[in-house]
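Commentary on secondary and tertiary structure
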Amino acid sequence: MKKMQQLYEGKAKKVFATDDPNLYIVDYKDDATAFNGLKKGTIQGKGVINNTMTNHLMQYLEKNGIPTHFVEQISDRETVVKRVKIVPIEVIVRNIAAGSLSKRLGIPEGTKLQSTVLEFSYKDDDLGDPMINDYHALAMGLATREELDLIASYSFKINQLLTDYMKDLGIELIDFKLEYGKLDDGTIVLADEISPDTCRFWDSKTGEKLDKDRFRRDMGGVEEAYQEVMHRLMGK
Ligand code: TMP
């Protein structure tokens, strides 16, 4: 596997072409942003943790019937993934009220939702990733009805799998964001990452935040929180 030209640099990752047209290499950075890039910083060691953790969880999901883009980790920051076209929809799953849902609906953070909430955002930085519904997604041609249904059903299943998995580690899965991609043959697979950047994790006993909210909200102990989640997940 030869790493070739850089195709894309995002806020937290770079994507490279390889000598195999069907494979990319993702390279995780320590850079952190929040509020659509308005707040910038570095979280020491984040790239290594997010790479390792994402791959661990993607393999667990894959074993449990969720197709993913994961192929092989090749270094502490780099992973080979299948080449996909990202579906420009960010899928957010919520079990407990927090963040933008709490703000928008006036539901105090930490309130258990009576049923799981699924939200879609249109993945467009210039527009600030606005929330959309199925009708918008269809009207804009972002996905077909069948694709949206599949994405929703995968997302609910992932929620169940991750909630159970994290619970055993003493972590409550509050909410998280997923992205999907499409292979050449049209197959939808889970892509992007699953990490403290993209999930809210609260310690089951103390309620302590173990995720990027510590950075977003200037709470301190950011690196320690990422390391704590990594430690519980991987035993290191
Ligand atoms: P929110 O409460 O700010 O809408 O965030 C919901 C979840 O989505 C939370 O776990 C953090 C994650 N998220 C991302 O991964 N990327 C983003 O750009 C945003 C806004 C949220």
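What comes next is a walk through the structure. Predicted model only: the values in this text are computed from it and were never measured.

Turning next to the pattern of salt bridges. It is possible for side chains bearing opposite charge to pair when their charged atoms get close. Overall, the coordinates contain 29 salt bridges when judged by the stated rule. Between D218 and K39 there is a salt bridge, with the nearest N and O atoms lying 2.6 Å from each other. Of this pair, D218 sits in the loop between α5 (213-216) and α6 (222-234) while K39 sits in strand β5 (residues 39-42), placing them 179 residues apart in sequence. In this structure, the salt-bridge partner of D175 is R94, at a minimum N-O distance of 3.4 Å.

So, about the nonpolar core. By size, the foremost hydrophobic cluster in this structure holds 38 residues, and its most contacted members are L61, I89, I158, Y180, L190 and F201. Within the residue set of this core, elements represented by two or more residues are α1 (46-63), β9 (89-96), β10 (112-122), α4 (145-167), β12 (171-182), β13 (188-191), β14 (199-203) and α6. Broken down by element, the residue count for this core peaks at seven residues, all from α4. Excluding its chain neighbours within four sequence positions, the residues that come into contact with L190 are M58, L61, I66, P67, T68, H69, I158, L178, E179 and Y180. Counting residues in each nonpolar core, the second largest holds eight residues, with I49, F215, Y226 and M230 among its members.

Considering all chains together, one arrives at two aromatic pairs under this definition. Seen in terms of ring centroids, Y60 and Y165 are 4.5 Å apart; in terms of plane orientation they differ by 45 degrees. Their pairing is tilted. One end of the pair, Y60, is in helix α1; the other, Y165, is in helix α4, and 105 residues separate them in sequence. Looking at Y165, the relative accessible area reads 21%, which means it is partly exposed. Both rings, one in Y154 and one in Y180, keep their centres 6.4 Å apart while their planes meet at 20 degrees; by these two values the pair is stacked. In this pair, Y154 sits in helix α4 while Y180 sits in strand β12, placing the two residues 26 residues apart along the sequence. Judged by relative accessible area, which is 1%, Y180 ranks as buried. Geometry around F16 places K3 over its ring, the cationic atom sitting 4.0 Å from the centre. Here the guanidinium or amino end of K39 rests over the ring plane of F215, the centre of that ring lying 5.2 Å away.

With that settled, consider α1. In this model, α1 (18 residues) spans 26 Å end to end at C-alpha, consistent with the 26 Å of a helix rising 1.5 Å per residue. Burial analysis of α1 places 13 of its 18 residues in the buried class, which makes it a mostly covered element. Note on α1: the residue one or two positions beyond its end, G65, has a positive phi of about 95 degrees.

Judged by how many residues are buried, strand β3 (residues 23-28) sits mostly within the fold: five of six residues are covered. Here strand β2 (residues 13-18) runs beside β3; their pairing, made up of five bridges, is antiparallel. If you follow A17 over to β3, its bridge partner there is Y24. Connecting the antiparallel pair β2 and β3 is a turn made up of four residues. Relative to strand β7 (residues 78-82), β3 runs antiparallel, the two sharing five bridges. In the sheet register, I25 faces β7, and the bridge partner there is V80.

Conventions we followed
Residues numbered from 1 in each chain as written. Predicted model: local features only at pLDDT ≥ 70, side-chain atom pairs only at ≥ 80, totals over all residues. Heavy atoms only, no water. Salt bridge = Lys/Arg side-chain N within 4 Å of Asp/Glu carboxyl O. Helix = DSSP H or I, 4+ residues; strand = E, 2+ residues; numbered from the N terminus. Core = buried A, V, L, I, M, F, W, Y, C linked by side-chain atoms within 4.5 Å. Buried < 20%, exposed > 50% of the residue type's maximum accessible area, 1.4 Å probe, protein only. Contact = heavy atoms within 4.5 Å. Phe/Tyr/Trp six-rings, centres within 6.5 Å; stacked < 30°, edge-to-face > 60°. Lys NZ or Arg CZ within 6 Å of the ring centre and 35° of its normal. Expected span 1.5 Å × (residues − 1). Pairing = 2+ DSSP bridges.

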